[in-house]
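Secondary and tertiary structure notes
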Amino acid sequence: MKIFHSINDFHVAVGNTIKKTILTLGTFDGVHFGHRKILEKVTQNTEKDKYESLVLTFFPHPRMVLQEDSDIKLLNTIDEKIALLEQIGIQNLVIHPFDENFSKLTAEEFVKNILVDKFHIHKIIIGHDHRFGRNRTANIDDLKAFGKQYEFEVEEISAQEIKEVSVSSTKIRHALMEGDMALANEYLGYDYSLTGTVTKGKQLGRTIGFPTANIKLAESFKLIPKNGVYIVKSIIDSKTVFGMMNIGFNPTVDGKVQTIEVNYFDFNKDLYDQKITVFILKRIRDEEKFASVDHLKTQLEKDKNTALAYFQK
């Protein structure tokens, strides 16, 4: 997949021939089942590479720019989104920096200057409720009118087709904030994950037989699920390693800062400064404040047995 970090950087040609594109656009946060219904249509319309598939997405998320008080957390980092789109078979991805100037483009400026002149569009595939242009005033009917004017096709994803999947990024965010991993992962179509660098913590876990890898996320906008204890897995040195993870403040030892700590089972290797991805499979329980560290250790042993039983299934 070719990646372009601006609309102006985009180009796709074979020799002196400019290939036309089959395009869709959106934030695609999560690249979930609902998104894939559109994205797979894009790849299916390339007519054996007669046309190039193209996704236009944006970063920062438009809400981060247009709503000053927005504290939206995202399901995907840029790297995660790239990997998911590549799996689907998208040939070209444009990640355009969203800013106020871009938001002020009129609908016709967007269509003529970008879709037609920059992307050489043959067809756009888009949801029935898509709105675009300054203040989001243009709709699917306007897009169809532009299609006739500038000679490109518009394929509309109907309300019924979208409803059949009934998935939204908002629903997934809500499920994660409730700790409902089963629902979130079902909607996503894959296991939600957190990626970060292993840093040194207080090393309390070592003293009670549960050494942990403390994960520091690089992106502040990445959504962290509800505090609690989770069953997880990671791929380390090409091997699947199972474990459990605590998200929270370690109230038993009066912690003040939220941490993400993973205890891997049957694993003994120095992971400091390594970048690892933790796939979150199931939530076991809320984070609790125990009467003593010994009580905490007893509960961790129960948690481990619960996780091991889950993996044995």
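Note that the coordinates shown come from a computational prediction; the quantities given were computed from them, not determined experimentally.

Of the regular secondary structure elements, the chain holds 11 helices and 14 strands. Considered along the principal axes of its C-alpha atoms, the chain spans approximately 75 × 40 × 35 Å. When each of the 313 residues of the chain is scored for burial, the buried share is 46%. In the chain, the share of contacts with a sequence separation of at least 24, taken over all contacts with a separation of at least 6, comes to 73%. As presented, the chain carries roughly 16400 Å² of accessible surface, and 48% of it is formed by carbon and sulfur atoms.

Relative to the helices and strands, Asp 29 resides in the loop between β4 (21–25) and α1 (33–44). For the pair formed by Asp 29 and Ile 157, sequence separation is 128 residues and the distance between their alpha carbons is 18 Å. Apart from the residues lying within four places of it in its own chain, the contact partners of Asp 29 are His 35, Lys 73, Leu 74, Leu 75, Asn 76, Lys 81, Ser 169 and Arg 173. Reaching out from Asp 29, the side chain makes a polar contact with the side chain of Arg 173 at a distance of 2.8 Å.

Per the stated rule, a full pass over the model turns up 12 salt bridges. A salt bridge links Asp 29 to Arg 173, with the shortest nitrogen-to-oxygen separation between them at 2.8 Å. Of this pair, Asp 29 sits in the loop between β4 and α1 while Arg 173 sits in helix α8 (residues 169–177), placing them 144 residues apart in sequence. Linking Arg 283 and Asp 286 is a salt bridge whose minimum nitrogen-to-oxygen distance equals 2.7 Å. A relative accessible area of 17% means that Arg 283 is categorised as buried. Where salt bridges share partners, they join Lys 41, Lys 123, Glu 153 and Glu 155 into one cluster.

Buried within helix α9 (residues 181–188) are the following residues: Met 181, Ala 184, Asn 185, Tyr 187 and Leu 188. Down the axis of α9, the buried set is contained in an arc of 160°. They therefore lie on one face. Exposed and facing more than 90 degrees away from the buried side of α9 are Ala 182 and Glu 186. In the core, the buried residues of α9 are packed alongside α1, α8, β11 (228–236) and β14 (275–285). Just past α9, the residue Gly 189 takes up positive phi, approximately 85°.

Tyr 192, Ile 215, Met 245 and Tyr 264 are the most contacted members of the largest nonpolar core, which totals 47 residues. Ignoring any residue separated from it by four or fewer positions in sequence, one finds Ile 215 in contact with Thr 195, Gly 196, Thr 197, Val 198, Ile 260, Val 262, Ile 276 and Val 278. The next biggest cluster of nonpolar side chains, apart from the first, holds 28 residues, and it includes Phe 10, Ala 107, Phe 110 and Phe 132.

With that settled, the discussion passes to the packing of helix α5 (residues 107–116) against helix α6 (residues 140–150). Packing of α5 against α6 brings their axes to within 11 Å, and their N-to-C directions diverge by 50°. Taken as axis vectors, α5 and α6 run oblique relative to one another. For the pair α5 and α6, the sense of crossing is right-handed. On α6, the residues touching Ala 107, Glu 108, Val 111, Lys 112 and Val 116 of α5 are Leu 143, Phe 146, Gln 149 and Tyr 150.

What the 6 strands build is a closed barrel, ordered β9-β10-β13-β12-β11-β14; its pairing is antiparallel. Strand-to-strand twist across the sheet, computed as the mean angle between neighbouring axes with direction ignored, equals 45°. Sheet topology note: the strand β12 (residues 239–248)/strand β13 (residues 259–264) ladder contains 6 bridges and is antiparallel. Looking at the pairing, Met 245 lines up with Val 262 of β13.

Turning to the sheet that holds strand β6 (residues 92–96), a few remarks are in order. Pairing within the open sheet is parallel, and its 6 strands lie in the order β1-β6-β5-β4-β7-β8. Of all strands in the sheet, those with a lone pairing partner are β1 (2–4) and β8 (153–157), marking the two edges. Direction aside, neighbouring strands of the sheet carry axes that sit 20° apart on average. Note that strand β7 (residues 121–127) and β8 share 5 bridges and pair parallel. Across the sheet, residue Ile 125 finds its bridge partner in β8, namely Glu 155. Most of the contacts of α1 go to β4, to which it runs at about 170°, and overall it touches β4, β5 (52–58), β7 and β8.

This paragraph deals with the packing of aromatic side chains. Evaluated as defined, the whole model comprises 11 aromatic pairs. Residues Phe 102 and Phe 110 carry aromatic rings whose centres are separated by 6.3 Å and whose planes lie at 85° to one another, so their mutual orientation is edge-to-face. Here Phe 110 falls in the buried class, since its relative accessible area comes to 7%. Aromatic side chains Tyr 264 and Phe 267 sit 5.8 Å apart centroid to centroid with 65° between the ring planes, which places their arrangement in the edge-to-face category. For Tyr 264, a relative accessible area of 8% gives the class buried. A cation over an aromatic ring shows up here: Arg 36 above the ring of Phe 33, its NZ or CZ 5.4 Å from the ring centre. Between the NZ or CZ atom of Lys 200 and the centre of the ring of Tyr 272, over which it lies, the distance is 5.3 Å.

Criteria and thresholds
Residues numbered from 1 in each chain as written. Predicted model: local features only at pLDDT ≥ 70, side-chain atom pairs only at ≥ 80, totals over all residues. Heavy atoms only, no water. Helix = DSSP H or I, 4+ residues; strand = E, 2+ residues; numbered from the N terminus. Buried < 20%, exposed > 50% of the residue type's maximum accessible area, 1.4 Å probe, protein only. Contact = heavy atoms within 4.5 Å. Areas by Shrake-Rupley, 256 points an atom, 1.4 Å probe, with all protein chains shown as cover. Polar contact = N/O pair within 3.5 Å; in protein donor to acceptor, adjacent residues only side chain to side chain. Salt bridge = Lys/Arg side-chain N within 4 Å of Asp/Glu carboxyl O. Arc of directions from axis to C-beta. Core = buried A, V, L, I, M, F, W, Y, C linked by side-chain atoms within 4.5 Å. Axes fitted to C-alpha atoms, helices over the stretch in contact; angles between N-to-C directions. Parallel < 35°, antiparallel > 145°, perpendicular 65-115°, else oblique. Left-handed = near helix turned anticlockwise from the far one by under 90°. Pairing = 2+ DSSP bridges. Phe/Tyr/Trp six-rings, centres within 6.5 Å; stacked < 30°, edge-to-face > 60°. Lys NZ or Arg CZ within 6 Å of the ring centre and 35° of its normal.

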